[in-house]
Amino acid sequence: MLSVLRVHLPSDIPIVGCELTPYVLLRRPDKNVTTDDVPESAPLDGHFLRYKWYRVQSDKKVAICSVHPSEQATLQCLGCVKAKIPVAKSYHCSPKCFSDAWQHHRVLHDRAASAVNENGNEEEEVFGRFNGSGSGVLNTSLTGSVSSTSLTNGSAPLYPAAVTQRSGGETWFEVGRSKTYTPTADDIGHVLKFECVVVDAESKVPVGHVNTILTSRVIPAPSPSPRRLVPVNGVDVMGHLDSDGRISSSGTFTVLSYNILSDVYATSESYSYCPSWALSWPYRRQNLLREIVGYRADIVCLQEVQSDHFEEFFAPELDKHGYQALYKRKTNEVYNGNTQTIDGCATFFRRDRFSHVKKYEVEFNKAAQSLTDAMIPSNQKKSALNRLVKDNVALIVVLEAKFSNQGADNPGKRQLLCVANTHVNVHQDLKDVKLWQVHTLLKGLEKIAASADIPMLVCGDFNSVPGSAPHTLLAMGKVDPSHTDLQVDPLNILRPLSKLIHQLPLVSAYSSFARLGVGLGMEQQRRRMDPTTNEPLFTNCTRDFIGTLDYIFYTADSLTVESLLELLDEESLRKDTALPSPEWSSDHIALLAEFRCKPRVRR
């Protein structure tokens, strides 16, 4: 007969909006062991599995720490109560927790006080005006449409009337009848109970032992503070939000670049400082989706997107928000694991803003093979390929804008845009290979530029710090022959050095903070920039490394930067906290720029 051998949860800390899927180990009638489900619609040997979820509700109210949401609160900040800051932000689990968080926490008090002085609406200021009031704050809350798709619990309805009394003033409410359950806001602070039992298909009577699991208390999904869009043109305006909360201006568009940290790399060994529940994929995917959707970018360039996650999650979820998806998986000559977990580059664009014209795929492995065939002696080809083949790719997409700022002078002119998305994941010791890959990509983009008058964007994680040879080539169009990175070139693939040039007028978007204007928030952003390189102090922040690896480059002859997503500082990430964290689900931070197409000059 069908029997249940074991039931457990990958994580015993349930989070609002994140699916809970128990691991159920079965022994089939033929004695084989499996984890396959046996639903009522497809019984096995006259039996199926029945699932139930319960929420325990106690007479005793439980408050959750605002800093450590898995901990119960033991003290409350009365200053928050007086300032009418929402009560959830006022709780802390210990005096040390409150003391350590004070630098970050007091900002809430300061904002509340200044908001009262300015317009008497402290809640709107403190919480970033999440509902698109024209403030230029980008919405990182869980939107209604995300909520409705995330918080479904199978096809089963909720059953608040089905209760079982327990001793000690506790009541169990039945909340789901599917194997998977997604905690809701109603579950916060409560323990959940999962039941699994084998049922006779004919009589519908349970047979055998009822297997149960109790979770810890449900915690709310931590939400990071909203990041504002800061103008770089010297105008003290935070941008104009349309009814959908998106920055809107005729002729402008926004581009997001974000390395989201592939699940296969998000191990507890690499990120031991991040709680296991916050490192789990069911949690991170919802947090990442919430963040990405909240930015409302017209074009989204993501790196480290696993192929199975692209197909099963990101493509369908972003489709619901009006995005068309394109994807290029890394090649797998080096990687020998599950091909489904190989990551790649994904580019999304809003269908109402752009249409797809053409797609180019760059495989650096193929370029390496061509290079060795042409340059490397046959007795050295194997070792050369071992050095050059790294599975990296780039996805280049040509889009046509469905908007125009060309005016009456150029009626009917098509506005094309070329967007390159890449992840140059090469070990720091292989400086020659990294520079060669970037140069190869730029040469490909030059060919596209030669065939059409087209603005270009080059986005991605280049694993190259400001001032390195790859960054210098991108930003300056050439590399000084005396650059220290050029000392590493055992295969002579960078020779002659005079070939390390390109003609694209590329400029780093975030350098605009250092180069332009004195708009609202500009001085604060400058403090988060490196004055020697005009780049952010960091876009990647772990315990072992903090620095800039991610960029958005644009062709300055055809595009201008209107505004940029504000940079984070280490205080924003809280003292001694590295990424990923419960609030931020990648070890990188997202970059976003708003651009305007320059009117074409008649020749």
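Definitions and limits used
Residues numbered from 1 in each chain as written. Predicted model: local features only at pLDDT ≥ 70, side-chain atom pairs only at ≥ 80, totals over all residues. Heavy atoms only, no water. UniProt positions renumbered as here; feature names shortened; annotations may be inferred. Helix = DSSP H or I, 4+ residues; strand = E, 2+ residues; numbered from the N terminus. Buried < 20%, exposed > 50% of the residue type's maximum accessible area, 1.4 Å probe, protein only. Areas by Shrake-Rupley, 256 points an atom, 1.4 Å probe, with all protein chains shown as cover. Pairing = 2+ DSSP bridges. Axes fitted to C-alpha atoms, helices over the stretch in contact; angles between N-to-C directions. Contact = heavy atoms within 4.5 Å. Salt bridge = Lys/Arg side-chain N within 4 Å of Asp/Glu carboxyl O. Phe/Tyr/Trp six-rings, centres within 6.5 Å; stacked < 30°, edge-to-face > 60°. pLDDT = per-residue confidence, 0-100. Parallel < 35°, antiparallel > 145°, perpendicular 65-115°, else oblique. Left-handed = near helix turned anticlockwise from the far one by under 90°. Expected span 1.5 Å × (residues − 1). Arc of directions from axis to C-beta. Core = buried A, V, L, I, M, F, W, Y, C linked by side-chain atoms within 4.5 Å.

The chain appears in an unreviewed UniProt entry as poly(A)-specific ribonuclease from Pyrus ussuriensis x Pyrus communis. Database annotation for the chain, UniProt heading Sequence similarities (unreviewed entry): "Belongs to the CCR4/nocturin family." Listed in UniProt under the heading Catalytic activity (unreviewed entry), the comment for the chain reads: "Exonucleolytic cleavage of poly(A) to 5'-AMP."

**Focus: the overall build of the chain**
A count of helical and extended segments in the chain gives 14 helices and 27 strands. Counting across all 603 residues of the chain, residues that qualify as buried make up 52%. On the chain, roughly 26600 Å² of surface is accessible, and the fraction owed to carbon and sulfur atoms is 50%.

**So, the sheet that holds strand 16 (residues 354-363)**
Spatial strand order, 16-17-18-19-25-20: six strands in an open sheet with mixed pairing. In the strand order of this sheet, the two ends are held by strand 16 and strand 20 (506-508), each with one partner. On average, each strand axis in the sheet is tilted by 20 degrees relative to the strand beside it, whichever way the strands run. Across five bridges, the pairing between strand 19 (residues 456-461) and strand 25 (residues 550-555) is antiparallel. Note that in strand 25 the partner of Cys459 across the bridge is Ile552. Against the sheet, helix 11 (residues 431-451) engages strand 16, strand 17 (393-401), strand 18 (416-423), strand 19 and strand 20, with an angle of about 160 degrees to strand 19. Against the sheet, helix 12 (residues 469-476) contacts strand 19, strand 20 and strand 25, and its axis sits at roughly 20 degrees relative to strand 25.

**Quick notes on the pattern of salt bridges**
Scanning the model with the defined rule gives 23 salt bridges in all. The residue Asp298 makes a salt bridge to Arg350 at a minimum N-O spacing of 4.0 Å. Here the residue Asp298 occupies a position in the loop between helix 7 (281-295) and strand 13 (299-306), and Arg350 occupies one in strand 15 (residues 343-350), the gap between them amounting to 52 residues. For the pair Asp298 and Arg350, one class covers both residues: buried.

**Description of the packing of aromatic side chains**
Ring pairs (aromatic) are described by centroid distance and by the angle formed between their planes. Inspection of the entire model under this criterion finds 18 aromatic pairs. Consider the rings of Trp281 and Phe314, whose centres lie 6.1 Å apart with planes at 65 degrees: the pair is edge-to-face. Taken together, the residues span a long stretch of sequence, with Trp281 in helix 7 and Phe314 in helix 8 (residues 307-319) at a distance of 33 residues. On the accessibility criterion, Phe314 (0% relative accessible area) is buried. Among the aromatic residues, those joined into a ring-pair cluster are Phe253, Phe354, Phe403, Tyr554 and Phe595.

**Side note on the sheet that holds strand 3 (residues 33-34)**
Strand order across the open sheet formed by three strands is 1-2-3, with antiparallel pairing between neighbours. Edge positions in the sheet fall to strand 1 (3-8) and strand 3, since each of these pairs with one other strand and no more. Examined bridge by bridge, strand 2 (residues 23-27) and strand 3 share two bridges and lie antiparallel to one another. Residue pairing across strands places Arg27 opposite Val33, the latter belonging to strand 3.

**What to know about the confidence of the model for the chain**
For the chain, the average pLDDT comes to 85, and 83% of its residues sit at 70 or higher. Low pLDDT, under 50, characterises residues 118-152; the predicted model gives this stretch 78 contacts beyond four residues in sequence or across chains.

**Quick look at the packing of helix 11 against helix 12**
Taken N-terminus to C-terminus, the directions of helix 11 and helix 12 make an angle of 20 degrees; their axes are 8 Å apart at the nearest point. One element, helix 11, and the other, helix 12, form an angle in the roughly parallel class. The handedness of the crossing between helix 11 and helix 12 comes out as right-handed. Facing helix 11, whose interface residues are Lys434, Leu435, Val438, His439 and Leu442, helix 12 presents Ala469, Pro470, Leu473 and Leu474.

**Structural notes on the environment of Leu78**
Along the chain, Leu78 turns up in helix 1 (residues 78-82). Leu78 gets classed as exposed once you look at its relative accessible area, which sits at 58%. Residues Leu78 and Ser90, 12 residues apart in the sequence, show an inter-C-alpha distance of 7.5 Å.

**Focus: helix 9 (residues 364-375)**
The end-to-end C-alpha distance of helix 9 is 16 Å, a good match for the 16 Å that 12 residues give at a rise of 1.5 Å each. For helix 9, the complete set of buried residues consists of Phe364, Asn365, Ala368, Leu371 and Thr372. The arc that holds the buried residues of helix 9, viewed along the axis, is 115 degrees, so those residues lie on one side. Opposite the buried face of helix 9, at more than 90 degrees from it, the exposed residues are Lys366 and Ala374. Where helix 9 is buried, its residues touch strand 16, helix 10 (381-388), strand 17, strand 18 and helix 11.

**Here's the deal with the environment of Asp263**
Here Asp263 is to be found in the loop between strand 12 (252-259) and helix 6 (276-279). Note: C-alpha distance between Asp263 and Leu279 (16 residues apart in sequence) is 8.5 Å. Look past the residues within four positions of Asp263 in its chain and what remains in contact with it is Leu279, Trp281, Arg284, Gln306 and His309.

**Structural notes on the pairing of strand 18**
By the criterion of burial, strand 18 is predominantly enclosed, with eight of the eight residues buried. Here strand 18 shows two buried faces, one formed by Leu416, Cys418, Ala420 and Thr422 and the other by Leu417, Val419, Asn421 and His423. Strand direction decides the pairing type here: strand 17 and strand 18, joined by seven bridges, are antiparallel. When the bridges of strand 18 are listed, Leu395 appears paired with Asn421. In this sheet, strand 19 lies alongside strand 18 in parallel orientation, the contact comprising six bridges. For Cys418, the partnering residue across the bridge sits in strand 19 and is Met456.

**What to know about the nonpolar core**
Residues Phe253, Ile299, Leu457 and Phe595 are the most contacted members of the largest nonpolar core, which totals 66 residues. Sorting elements by how many residues they give to this core places helix 7 first, with six residues. The contact partners of Phe253, leaving out residues within four places of it in the chain, are Asp298, Ile299, Arg353, Phe354, Phe403, Leu417, Leu457, Leu559, Ala593, Glu594, Phe595 and Cys597. Counting 42 residues, the second largest nonpolar core, distinct from the first, contains Ala420, Ile448, Ala469 and Leu474.

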